[in-house]
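Summary of structural features
For reference, the chains in residue letters:
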Amino acid sequence: MKLGSSVVTDNGEGIHNGVIDDYAKQIQILSKAGHEIIIVSSGAIAEGIRRLGWVKRPNHINQLQAAAAAGQVGLIRAYESAFEKLGRLTAQILLTHEDFSDRKRYINSKSTMLSLLKNSVILVINENDTVATEEIKVGDNDTLAALVANQLAADFLIILTDKSGVYDADPDLVPNARLIEEVFVSDERLLKVSSGNTSKLGVGGMVTKIRAAKIAASGGTNTIITNGFEKDILIRFFEGKKIGTLIKADLPTLSARKQWLLSQLKIKGSYVLDEGAEKAINEHGKSLLPIGVTEVNGDFDRGDAVLCISIKRKEMAIGLTNYSSADAKKIIGQTSSGIESMIGYIEEPELIHRDNLTLTDSNFSFEKM
Ligand code: GLU
């Protein structure tokens, strides 16, 4: 579950201890019934700003990072004291994007978290805002929670926010806008919200929540977006009551390695594919060869994540490239046997091996991330 800053802190008034206590009690009841609940909590920056006596959110990154450091201790203290009253231990996990993009760190943090869960410790996760610069941060906790949900193969991602869910129109503008109770992740209505076509619905972070639901769905995880202020919301959910919007995963579940590939949010560049390569990848699950690429965009190194785009500029796949952009520019259009004569050496005959390539659904736009 992901608790947003608006739920766990009160603008300027600090942490809502009552809210955190209340969630701790619900989690305790549910874990006695056999459910494992992992918390991703925002609120460090909001609490830090209050502690430092600042009147408004600063713009400078170093001030935000300072606020995160000052606030995170308060946030974790609130969780620790809430769970301590119930006899439960708490562990703080602070992650950055690199903890997902570096496979060794990804596997390592996963096994740490699994071993804490095995010992009945409550995980309280946040982004490591204090060290995460623009290039290495995930950026928002909806996405972070989705990545963790994939990493730990969660059944559900529950996003608790100050909105009741996703509406079919902007509820502030359209009086009879209806809450969407249940929807498949591929449903066009979500696409409208996630592409920002429906005015203002994206405000308040609904766009990132829907993108998070798509990431979660790639690992077979269903997402619920609901109001974190409603009483006993977790218990009611586990009782099977309808709460907020349920976004169901309907995409084929990817292998653990391909899910990990999808968590490579920092795309460094792209390859534009000709129609033959598009077909080979889309329909036959083949590797990407230099001969099928017409254009190389961006500046990347061997091993970086790049997008594969069709001639019609549709995002199709993401993969880890065997060649840097400089070398790729020299070998595109060549048969694999021509690689060596162009650059003097041959790493692999493919630009992207099929094991390092995963198709993205057409609704999923990495560039917006
Ligand atoms: N990690 C940030 C914090 O704890 C919040 C980011 C978010 O809400 O998405 O303040």
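A short tour of the structure in this document, coming up. Small disclaimer: the values here were computed from a predicted structure and weren't measured.

In the vicinity of the ligand, the contacting residues are Ser-42, Gly-43, Ala-44, Ile-45, Asn-126, Asp-129, Asp-140 and Asn-141. At 2.9 Å, a side-chain N or O of Ser-42 approaches an oxygen atom of the ligand. A distance of 3.0 Å is found between an oxygen atom of the ligand and a backbone nitrogen or oxygen belonging to Ala-44. With the chains in place, 84% of the 300 Å² that the ligand exposes on its own is no longer accessible. Judged by the proximity of its atoms to the pocket grid, the ligand belongs to the largest pocket. Tallied by class, the residues present in the shell around the ligand amount to two nonpolar, four polar and two charged.

Counting residues in each nonpolar core, the largest one holds 43 residues, and the members touching the most others are Leu-95, Phe-100, Leu-123, Ile-125, Val-166 and Ile-247. With seven residues, helix α9 (residues 206-218) is the largest single contributor of residues to this core. Those residues in contact with Leu-95, other than ones at most four positions away along the chain, are Phe-100, Ser-109, Met-113, Ile-125, Asn-126, Glu-127, Asn-128, Leu-144 and Val-148. With 31 residues, the next largest nonpolar core counts Leu-75, Ile-76, Ile-233 and Ile-235 among its residues.

A word on the sheet that holds strand β14 (residues 315-320). Pairing is mixed across the open sheet formed by five strands, whose spatial order is β12-β11-β13-β14-β15. The sheet is open, and its two edges are formed by β12 (293-298) and β15 (357-359), each paired on a single side. When strand polarity is set aside, the average angle formed by the axes of neighbouring strands in this sheet is 25°. Lying over the sheet, helix α12 (residues 275-284) contacts β11 (269-273), β14 and β15, oriented at roughly 105° with respect to β11.

Its place among the elements puts Gly-48 in helix α3 (residues 44-51). On a C-alpha basis, the gap between Gly-48 and Ala-70 in space is 4.9 Å, while along the polypeptide they are 22 residues apart. Those residues within four positions of Gly-48 in sequence are excluded, and the remaining contacts are Ala-67, Ala-70 and Gly-71.

Below, the discussion takes up the sheet that holds strand β10 (residues 245-248). The strand order β5-β6-β4-β1-β7-β9-β10-β8 describes an open sheet built from eight strands, whose pairing is mixed. Looking at which strands have only one partner, the edges of the open sheet turn out to be β5 (90-95) and β8 (182-184). Pairing geometry for strand β9 (residues 222-227) and β10, over three bridges, is antiparallel. In the sheet register, Ile-224 faces β10, and the bridge partner there is Leu-246. With respect to the sheet, helix α4 (residues 61-84) is in contact with β1 (2-3), β4 (39-41), β5 and β6 (122-127), its orientation differing from that of β5 by roughly 150°.

What counts as what
- Residues numbered from 1 in each chain as written.
- Predicted model: local features only at pLDDT ≥ 70, side-chain atom pairs only at ≥ 80, totals over all residues.
- Heavy atoms only, no water.
- Near = heavy atom within 4 Å.
- Polar contact = N/O pair within 3.5 Å; in protein donor to acceptor, adjacent residues only side chain to side chain.
- Areas by Shrake-Rupley, 256 points an atom, 1.4 Å probe, with all protein chains shown as cover.
- 1 Å grid on protein atoms, 1.4 Å probe; cavity = no way out; pocket = protein on both sides within 12 Å on 5 of 7 lines; lining within 4 Å.
- Sits in = over half its atoms within 2 Å of the grid points.
- Nonpolar A, V, L, I, M, F, W, Y, C, P; charged D, E, K, R; others polar.
- Core = buried A, V, L, I, M, F, W, Y, C linked by side-chain atoms within 4.5 Å.
- Buried < 20%, exposed > 50% of the residue type's maximum accessible area, 1.4 Å probe, protein only.
- Helix = DSSP H or I, 4+ residues; strand = E, 2+ residues; numbered from the N terminus.
- Contact = heavy atoms within 4.5 Å.
- Pairing = 2+ DSSP bridges.
- Axes fitted to C-alpha atoms, helices over the stretch in contact; angles between N-to-C directions.

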